[in-house]
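Commentary on secondary and tertiary structure
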Amino acid sequence: MKFLIVFVALFAVALAAPVDDSASAQTLRQDSDVGPESFQFAYETSNGIAAEEQGKLKNAGSENEAISVQGSFRYVADDGQTYEVKYVADENGFQPQGAHLPVAPEA
């Protein structure tokens, strides 16, 4: 499950980082709190990138132990629009939501 947290965090950073001005961006805010059964972090940069995430261990010590994560990230794309993705990642998988993301038709 720790892999899931790292994967989601790296995924968010990879999608959010524009190549051309990431080197000159300044960190405006950065917070984190990591404990044995929960974590949270948030950051914001001067070039419009921001992310926040919180997670907690569910059913600790049981056969159904899992990490439940929720968060969001936003960035300004090359087209000048700001895109934001909110997500949940848990035992049901990664579930992103965003105005720009396609939605599956109702069954």
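Please refer to the structure higher up on the page.
Predicted model only: the values in this text are computed from it and were never measured. Here, residues in each chain are numbered from 1, in the same order as that chain's written sequence. Two thresholds apply to this predicted model, a pLDDT of at least 70 for residue-level local features and 80 or more for giving and counting side-chain atom pairs, whereas whole-chain, interface and lining totals are computed over all residues. Computation of side-chain values: all heavy atoms of the structure, hydrogens and water removed.

**Section: the packing of aromatic side chains**
To be explicit about the condition: Note on aromatic contacts: the rings of Phe and Tyr and the six-membered ring of Trp form a pair at centre separations within 6.5 Å, being stacked when their planes are under 30 degrees apart, edge-to-face when over 60 apart, and tilted otherwise. The buried label applies to any residue whose accessible area, calculated with a 1.4 Å probe on protein chains only, is under 20% of its type's maximum; exposed applies above 50%, and partly exposed to all values in between. The way it works is that DSSP assigns letters per residue, a run of H or I at least four long becomes a helix, a run of E at least two long becomes a strand, and they are numbered from the N terminus.
Inspection of every chain in the model, using the stated rule, returns four aromatic pairs. An angle of 10° between the planes, with centres 6.3 Å apart, marks the rings of Phe41 and Tyr43 as stacked. Phe41 sits in the partly exposed class, given a relative accessible area of 24%. Taking the relative accessible area as the measure of exposure, Tyr43 reaches 19% and is therefore buried. Between Phe73 and Tyr87, the aromatic rings sit 6.2 Å apart at their centres with planes inclined by 45°, giving tilted as the arrangement. Taken together, the positions of Phe73 in strand β4 (residues 66–76) and Tyr87 in strand β5 (residues 82–90) put the pair 14 residues apart, joining distant regions of the chain. Among the aromatic side chains, those forming a connected cluster through ring pairs are Phe73, Tyr87 and Phe94.

**Focus on the pairing of strand β3 (residues 50–58)**
Our working definition: Two strands are said to pair when DSSP picks up at least two bridges between them.
In this structure, strand β2 (residues 38–45) lies alongside β3, joined through seven bridges in antiparallel fashion. Each bridged residue has a counterpart across the sheet, and for Phe39 the counterpart in β3 is Gly55. Between β2 and β3, which pair antiparallel one after the other, the connecting turn spans four residues, and Gly48 there sits at a positive phi close to 90°.

**Some details on the sheet that holds β4**
The cut-off we apply is this: Here the axes come from fitting lines to C-alpha atoms, over the contacting stretch only for helices, and the angles between their N-to-C directions go from 0 to 180 degrees.
Pairing is antiparallel across the open sheet formed by six strands, whose spatial order is β1-β2-β3-β4-β5-β6. Each having just a single partner strand, β1 (27–34) and β6 (93–97) make up the two edges of the open sheet. Averaged over all pairs of adjacent strands, the angle between their axes in this sheet comes to 10°, without regard to strand direction.

**Description of the pattern of salt bridges**
We count it as follows: When a carboxyl oxygen of Asp or Glu is within 4 Å of a side-chain nitrogen of Lys or Arg, the pair counts as a salt bridge.
By the definition in use, this model includes four salt bridges. In this structure, Asp31 engages Arg29 in a salt bridge whose closest nitrogen and oxygen atoms are separated by 3.6 Å. For Asp31, a relative accessible area of 42% corresponds to the partly exposed category. Given the relative accessible area of 33%, Arg29 is considered partly exposed. Members of the salt-bridge network, linked through shared partners, are Arg29, Asp31, Glu44 and Arg74.

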